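Now for the letters of each chain:
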Amino acid sequence: MDQSQANAKVVVDGNTFELPVIIGTEGERGIDISKLRSLTNYVTFDHGFGNTSNCASAITFLDGESGVLRYRGYPIEQLAEQSSFIETAYLLIYGELPNSDQLRHFSESFTEHSMLHEDMKNFFDGYPSTAHPMAILASMVCSLSAYYPGIDMLNPTKEDFDRIVVMLMSKVRTIVAFAHKKSLGQPFVYPRHDLEYIPNFLNMLFSSPTHQYKIYDEVVQALKVLFILHADHEQNCSTSTVRLVGSSWANLYASITAGICALWGPLHGGANEEVIMMLEQMYREGGDVDKYISMAKDKSSRFRLMGFGHRVYKSYDPRAKIIKKSAHDLLKKLGIHDPLLEIAVKLEEKALADPYFIERNLYPNVDFYSGIIYKAIGIPMNMFTVMFAIARLPGWIAHWKEMMESPGAKIGRPRQIYVGMNKRDYVPITKR
Ligand code: CMC
């Protein structure tokens, strides 16, 4: 990050103050307002942080106007096509692509840490079989801190960090698979040392004592692409939450748990589940997409087209472009005809031609087509958001690490503009 020669001038109550301008490596400019209050006694007001950078970050570059997304400088399209999820995770967390020794060591550590402490299996007995997998995931990830060592926050070491990274990524996958088995009332399938990350996960999800799940390359490939595309997205709601919670030096398990909870909301990661619910409802009602487009435009209803719109993208989400193609490819390869894909395509076409959506730059986002892929693989709808969580882990971890290592890091503590009652005296209840 460069400090620009130029300064920004702010005129407050007739007085002019100069504020530094900072420039990112892709030319993004920001006015550093960190001294604004001490200089002027004013704070800024920015509902939903639409215009506020909370940090400088070297992890992911996103240009929402042009539909560009890069991890550590590498275009997302190249990574989705040529990299693996584990390699991309390494890149995000450690900053560079691994060499073959580093990658082998990283992958082997996943195998080493894939089991869950046997006592933690008992936790699953306490949940009803109808429990949402996000509820299970959030509490189980937080509970990992009770069973496994964390990082000494006063004396963090690289070894501790490396161990916790693979432990989290590996065990989260096992927790999600066990949560699925719990919902089916089936015995847990343990991780296997001979399988790679995604096949191992699929095997834990779908095999049983009476059935050996056949792992198709097409399915592994489709899931790999989804995982890579979801792996990071700079300062989104869940990642900012991980940073905010981590800024108090809360341990990594607790910070990630907070991120999982933030992801659950239907305006964020929970949208992938909502999209399929919406498409199914349209299908049941005969595929009348116009009715839903009208509902989405009607400001008197809270209904929104799920999987549409984005805070940052004002053009087609580059992830959605790849996922749409991947959905078509996978269904074709598996010989599946899913009417929901046809409805989704029709809905997209109509929405993109509608002035409401054009004026507001609303395009399909990452969640619009991903559910069609999960559904084709056989993953139940209430598992969609935990799939997102597995994939987003490398991003959350990378941001937590970056924040912890950043020399100027401070506890996150926004200001507010108080709009409540002015001072008044307490009135005893007998006199009210
Ligand atoms: N359907 C109908 N109208 C919409 C939609 C939508 N999906 N999204 C935005 N709008 C309208 C919104 O009503 C507003 O209209 P107006 O200017 O007339 O008040 C305008 O577009 C701007 O929307 P906003 O709510 O100010 O935008 P935001 O940046 O605060 O919200 C969003 C972004 C993603 C929460 C929102 O687009 C949305 O709710 N989309 C549906 C949920 C969804 O798909 N979420 C997944 C996001 S991508 C995955 C992730 O990163 O989490």
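This text follows the structure it describes.
Calculation rules
Residues numbered from 1 in each chain as written. Predicted model: local features only at pLDDT ≥ 70, side-chain atom pairs only at ≥ 80, totals over all residues. Heavy atoms only, no water. Helix = DSSP H or I, 4+ residues; strand = E, 2+ residues; numbered from the N terminus. Buried < 20%, exposed > 50% of the residue type's maximum accessible area, 1.4 Å probe, protein only. Contact = heavy atoms within 4.5 Å. Areas by Shrake-Rupley, 256 points an atom, 1.4 Å probe, with all protein chains shown as cover. Lys, Arg positive; Asp, Glu negative; His and termini not counted. Charge placed at Lys NZ, Arg CZ, Asp CG, Glu CD. Patch = residues over 30% accessible without salt bridge, like charges linked within 9 Å, V, L, I, M, F, W, Y side chains within 5 Å. Salt bridge = Lys/Arg side-chain N within 4 Å of Asp/Glu carboxyl O. Pairing = 2+ DSSP bridges. Axes fitted to C-alpha atoms, helices over the stretch in contact; angles between N-to-C directions. Parallel < 35°, antiparallel > 145°, perpendicular 65-115°, else oblique. Left-handed = near helix turned anticlockwise from the far one by under 90°. Nonpolar A, V, L, I, M, F, W, Y, C, P; charged D, E, K, R; others polar. Near = heavy atom within 4 Å. Polar contact = N/O pair within 3.5 Å; in protein donor to acceptor, adjacent residues only side chain to side chain.

A. Layout of the overall build of the protein. A tally of regular secondary structure across the protein gives 18 helices and six strands. Oriented by its inertia axes, the alpha-carbon framework of the protein measures out at about 75 × 65 × 60 Å. Counting all 432 residues of the protein, 47% fall into the buried class. The contacts of the protein with a sequence gap of at least 6 include a subset with a gap of at least 24, amounting to 69%. As displayed, the protein offers around 22200 Å² of accessible surface, 53% of which is attributable to carbon and sulfur atoms. Side chains of the protein carry 45 positive and 48 negative charges; the gap between the two charge centres is 6 Å.

B. Main features of a nonpolar patch on the surface. A grouping of Phe-45, Ile-417 and Val-419 is seen on the molecular surface, where their side chains present a nonpolar patch of about 380 Å² in accessible area. If you trace the backbone, Val-419 turns up in the segment after α18 (384-405). Note on Val-419: relative accessible area 74%, which makes it exposed.

C. The arrangement of the pairing of strand β2 (residues 15-23) in detail. Pairing between β2 and strand β3 (residues 29-31): three bridges, direction antiparallel. Among the inter-strand pairings, Ile-23 is bridged to a residue of β3, identified as Arg-29. The turn linking β2 back onto β3 is made up of five residues, and Gly-27 within it adopts a positive phi angle of 85 degrees.

D. Geometry of the sheet that holds strand β4 (residues 60-63). Strand order in this open sheet of three strands is β4-β5-β6, and the pairing throughout is antiparallel. This sheet does not close on itself; its edge strands, each paired only once, are β4 and β6 (74-75). Here strand β5 (residues 68-71) pairs with β6 via two bridges, running antiparallel. In the strand pairing of β6, Tyr-71 is matched with Tyr-74.

E. Representation of the packing of helix α9 (residues 217-230) against helix α17 (residues 367-377) in the model. Remark: α9 packs on α17, axes separated minimally by 11 Å, with the N-to-C direction vectors making an angle of 150 degrees. Put simply, α9 runs roughly antiparallel to α17. Note that α9 runs across α17; the crossing there is left-handed. Here Val-219, Ala-222, Leu-223, Leu-226 and His-230 of α9 come into contact with α17, specifically with Asp-367, Ser-370, Ile-373, Tyr-374 and Ile-377. Taken together, the residues of the contact of α9 with α17 sort by class into seven nonpolar, two polar and one charged.

F. Representation of the site of the ligand in the model. Around the ligand there are 21 residues in total, and His-268, Arg-304, Leu-305, Gly-307 and Arg-311 lie nearest to it. For the ligand, an oxygen atom lies 2.7 Å from a polar atom in the side chain of Arg-304. Here Phe-308 contributes a backbone N or O atom positioned 2.8 Å from a nitrogen atom of the ligand. Look at the ligand: alone it shows 930 Å² of surface, and the protein chains cover 76% of it. Looking at the shell around the ligand residue by residue, the classes come out as 10 nonpolar, six polar and five charged.

G. Representation of the pattern of salt bridges in the model. In total, this model carries 18 salt bridges according to the counting rule given. The partner of Asp-194 in a salt bridge is Arg-192, with the nearest N and O atoms 2.8 Å apart. Here Arg-192 falls in the partly exposed class, since its relative accessible area comes to 30%. We note a salt bridge from Lys-297 to Asp-354, for which the minimum N-O separation is 2.8 Å.

Note that every value here comes from positions in space, so none of it alone points to a role or purpose.
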